[in-house]
Amino acid sequence: MARKEQLRGQRTGTVINLISKNQEKDIIKALIIVLGQLEQKFGAEISFHHQKQWLLKTIVEELAEYYSEMEFHYHFDTSSIRPDGGILFLQSKEKDDPFTYPILISEVKNQGTNDIRLKEGLAKQAKGNAIERLGKNLIGLRAALSRESIFPFVCFGYGCDFEDTSSILDRVSTMAIFGHLNKTYLHDEQDGKFDRGSFYFRKDKWNIGEMADIMFDIANRSILYYFSKYGEKKFVR
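Described in the following lines is the structure provided in the data block.

The rules behind these values
Residues numbered from 1 in each chain as written. Predicted model: local features only at pLDDT ≥ 70, side-chain atom pairs only at ≥ 80, totals over all residues. Heavy atoms only, no water. Pairing = 2+ DSSP bridges. Helix = DSSP H or I, 4+ residues; strand = E, 2+ residues; numbered from the N terminus. Axes fitted to C-alpha atoms, helices over the stretch in contact; angles between N-to-C directions. Buried < 20%, exposed > 50% of the residue type's maximum accessible area, 1.4 Å probe, protein only. Phe/Tyr/Trp six-rings, centres within 6.5 Å; stacked < 30°, edge-to-face > 60°. Contact = heavy atoms within 4.5 Å. Polar contact = N/O pair within 3.5 Å; in protein donor to acceptor, adjacent residues only side chain to side chain.

Here we look at the sheet that holds strand β5 (residues 101-110)
Here 5 strands make up an open sheet; going across it, the order is β1-β4-β5-β6-β7 and the pairing mixed. Only two strands of the sheet have a single neighbouring strand rather than two, namely β1 (48-51) and β7 (198-202). For this sheet the average axis-to-axis angle between neighbouring strands, irrespective of direction, equals 15 degrees. Both strand β6 (residues 153-158) and β7 contribute to a ladder of 5 bridges, which runs parallel. Within the sheet, the bridge partner assigned to cysteine 155 lies in β7 and is phenylalanine 199.

Written out as structure tokens, the structure reads:
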């Protein structure tokens, strides 16, 4: 095996092992597929880093570096944003680079049990609020990505609360800054005023392959965006 292929295999295996250790979630399985596809396309020349959380401390440090004329604050060093699929970063080869380069942030939300309750002969319950908790993360993530003109975020939602006749869908549309659901929005629109992100919501559960296809598209195009903005030399080894 060529040295280049050995290095790629070692790097892929290392990142995949870190991601998949003690994880059985479908979103993680999809992420592992995506990482393999990215390694296959871009080879050993670029590296990735995955984190299960993004510390508010780190986000604020980057914001303060970029927007030096503004004040930023947080309370605890341990506070973080923890998307279900974590955050996948493209690594800069510059050791003193103060910034990170997210290429994929992924969430999964399941909401709604009334279909099951009806089958069991039970009365309907009020619709859940799992989706409401997404709003806090979105505020922090959009701020963290404010210096870029992409928002590589995707959320997969499923459950009876997200069927076509459910008013809950308009809560999701509001979080999507009134973009269409089940459509990928990566690049900001109207000079950055609309950093929508991608919201895939329906009644039926999303399978691993479906999620992987959408996630790969976002991550792949995010890499090309960073190459275009900063130059490939910043990332290619």
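Considerations on the pairing of β6
Within β6, 6 of the 6 residues are buried, which leaves the element mostly enclosed by the surrounding structure. Judged by which residues are buried, β6 turns out to be covered on both faces: Phe153, Cys155 and Gly157 on one side and Val154, Phe156 and Tyr158 on the other are all buried. When β5 meets β6, the two strands line up parallel, connected through 6 bridges. Residue pairing for β6: serine 106 is matched across the bridge by valine 154.

As for the pairing of β5
For β5, a buried count of 8 out of 10 residues is recorded, marking the element as mostly surrounded by other parts of the structure. Bridge analysis of strand β4 (residues 87-90) against β5 gives 4 bridges, and the strand direction is antiparallel. By the bridge assignment, phenylalanine 89 is partnered in β5 with proline 102.

Section: the environment of aspartate 161
Turning to its location among the elements, aspartate 161 is positioned in the loop between β6 and α6 (168-175). In the structure, aspartate 161 is positioned 50 residues away from glutamine 111 in sequence and 5.8 Å away in space, judged by C-alpha atoms.

Concerning the packing of aromatic side chains
Tallied over the entire structure, the rule returns 20 aromatic pairs. Arranged with centres 6.1 Å apart and planes meeting at 90 degrees, the rings of phenylalanine 42 and phenylalanine 227 form a pair that is edge-to-face. Taken together, the residues span a long stretch of sequence, with phenylalanine 42 in helix α2 (residues 26-42) and phenylalanine 227 in helix α7 (residues 208-230) at a distance of 185 residues. For phenylalanine 227, a relative accessible area of 12% corresponds to the buried category. Ring centres of tyrosine 230 and phenylalanine 235 lie 6.5 Å apart, and the angle between their planes is 75 degrees; this geometry places the pair in the edge-to-face category. The partly exposed category is assigned to tyrosine 230, whose relative accessible area is 30%.

Here we look at the environment of arginine 82
Along the chain, the position of arginine 82 falls in the loop between β3 (80-81) and β4. On a C-alpha basis, the gap between arginine 82 and glutamate 107 in space is 9.1 Å, while along the polypeptide they are 25 residues apart. Setting aside residues up to four positions removed in sequence, arginine 82 forms contacts with Lys52 and Gln53. A polar atom in the side chain of arginine 82 sits 2.9 Å from the side chain of glutamine 53.

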